[in-house]
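Examination of the molecular architecture
Here are the chains, one letter per residue:
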Amino acid sequence: MAGLFSSNPNSGDPYAPPSPNDDDLNSILSQYRPLIQQFSLSSLLGYCSAVSAKRIGKTLAFIGGLAFVSLQAMVHQGYISVDWKKIEQSVKDAVDTDDDGEFTEKDVQRYWERVKVFLTENIPDASGFGVGFMLGLKS
């Protein structure tokens, strides 16, 4: 009858996994305490933001590709004519932030700075957000 009143809920089941030992858990927590302390709400939000950004980016890439294929199909059938050089110049003008006429690494850096400012405004741990964001992009 001692098994019925045991503190282990699995004491009557010979196939149940052993209950975790608190000493083992404490040793694991103490070993990884510096890493665990680096995680914060900001890093979790950064991770989630990156996962969302990846999903939105893939969706926009799909829509852009579908639009291009549709346009090319209409061009091929003779329904429309597209001046791709003019479209290319219009896109360059729209995304060129330093007005040098080219979309360069400087432009990408400026856009990245704008995104960082937007995403980290008013959060207490911007560095944690950045770490979480980078981890989210890698996942």
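This section reports on the structure supplied with the text. (Residues numbered from 1 in each chain as written. Predicted model: local features only at pLDDT ≥ 70, side-chain atom pairs only at ≥ 80, totals over all residues. Heavy atoms only, no water.)

What follows deals with the packing of aromatic side chains. Enumeration according to the criterion identifies three aromatic pairs in this entry. Measuring from ring centre to ring centre gives 6.0 Å for Phe 129 and Phe 133, while their planes differ by 25 degrees; the resulting arrangement is stacked. Placement of both Phe 129 and Phe 133 in helix H6 (residues 126-138) is noted, with a separation of four residues, approximately one turn of the helix. Look at Phe 129 and you get buried, because its relative accessible area is 6%. Members of the aromatic cluster, joined through ring pairs, are Trp 112, Phe 129 and Phe 133. The aromatic ring of Tyr 111 is capped on one face by Arg 114, whose charged end is 5.2 Å from the ring centroid. (Phe/Tyr/Trp six-rings, centres within 6.5 Å; stacked < 30°, edge-to-face > 60°. Helix = DSSP H or I, 4+ residues; strand = E, 2+ residues; numbered from the N terminus. Buried < 20%, exposed > 50% of the residue type's maximum accessible area, 1.4 Å probe, protein only. Lys NZ or Arg CZ within 6 Å of the ring centre and 35° of its normal.)

Once that is clear, we can look at the pattern of salt bridges. Within the structure shown, the criterion is met by two salt bridges. Between Lys 116 and Glu 113 there is a salt bridge, with its nearest N and O atoms 3.2 Å apart. A residue pair is termed a helical-turn pair when its members lie 3 or 4 positions apart in one helix, as Lys 116 and Glu 113 do in helix H5 (residues 105-120) at three residues. Judged by relative accessible area, which is 33%, Lys 116 ranks as partly exposed. Relative accessible area serves as the criterion here: at 41%, Glu 113 is assigned to the partly exposed category. (Salt bridge = Lys/Arg side-chain N within 4 Å of Asp/Glu carboxyl O.)

This part covers the environment of Leu 135. For Leu 135, the location among the structural elements is in helix H6. Look at Leu 135 and you get partly exposed, because its relative accessible area is 43%. Separated by 89 residues in the primary sequence, Leu 135 and Gly 46 place their C-alpha atoms 8.4 Å from one another.

Once that is clear, we can look at the environment of Phe 39. As for its position among the elements, Phe 39 is in the loop between helix H2 (33-38) and helix H3 (41-77). A residue is classified by how much of its surface remains accessible, and Phe 39, at 49% relative accessible area, is partly exposed.

A word on a nonpolar patch on the surface. Nonpolar side chains collect at one region of the surface, where Phe 39, Tyr 47, Val 51, Val 131 and Leu 135 lie side by side and expose about 440 Å² of accessible area between them. Among the elements of the structure, H3 and H6 are those that each provide at least two residues to the nonpolar patch. Here Val 51 is to be found in helix H3. (Patch = residues over 30% accessible without salt bridge, like charges linked within 9 Å, V, L, I, M, F, W, Y side chains within 5 Å. Areas by Shrake-Rupley, 256 points an atom, 1.4 Å probe, with all protein chains shown as cover.)

Moving on, we come to the side chain of Asp 107. Structurally, Asp 107 is set in helix H5. Buried charge Asp 107 goes without a salt bridge, the closest partner of opposite sign being Arg 110 at 5.5 Å. A polar contact is formed between the side chain of Asp 107 and the side chain of Thr 97, at a distance of 2.8 Å. Setting aside residues no more than four positions away along its own chain, Asp 107 makes contact with Val 95, Asp 96, Thr 97, Asp 98, Asp 100 and Glu 102. (Lys, Arg positive; Asp, Glu negative; His and termini not counted. Polar contact = N/O pair within 3.5 Å; in protein donor to acceptor, adjacent residues only side chain to side chain. Contact = heavy atoms within 4.5 Å.)

Another aspect to go through is H6. Here H6 contains 13 residues, and its C-alpha end-to-end distance of 19 Å stays within 8% of the 18 Å for a straight helix at 1.5 Å per residue. Within the span of H6, buried status applies to Gly 128, Phe 129, Gly 132, Phe 133 and Gly 136. Each buried residue of H6 lies within a common arc of 135 degrees when the element is viewed along its axis, so the set occupies one face. Facing away from the buried side of H6, by more than 90 degrees, are the exposed residues Ser 127 and Lys 138. Against the buried residues of H6 lie H3 and H5. (Expected span 1.5 Å × (residues − 1). Arc of directions from axis to C-beta.)

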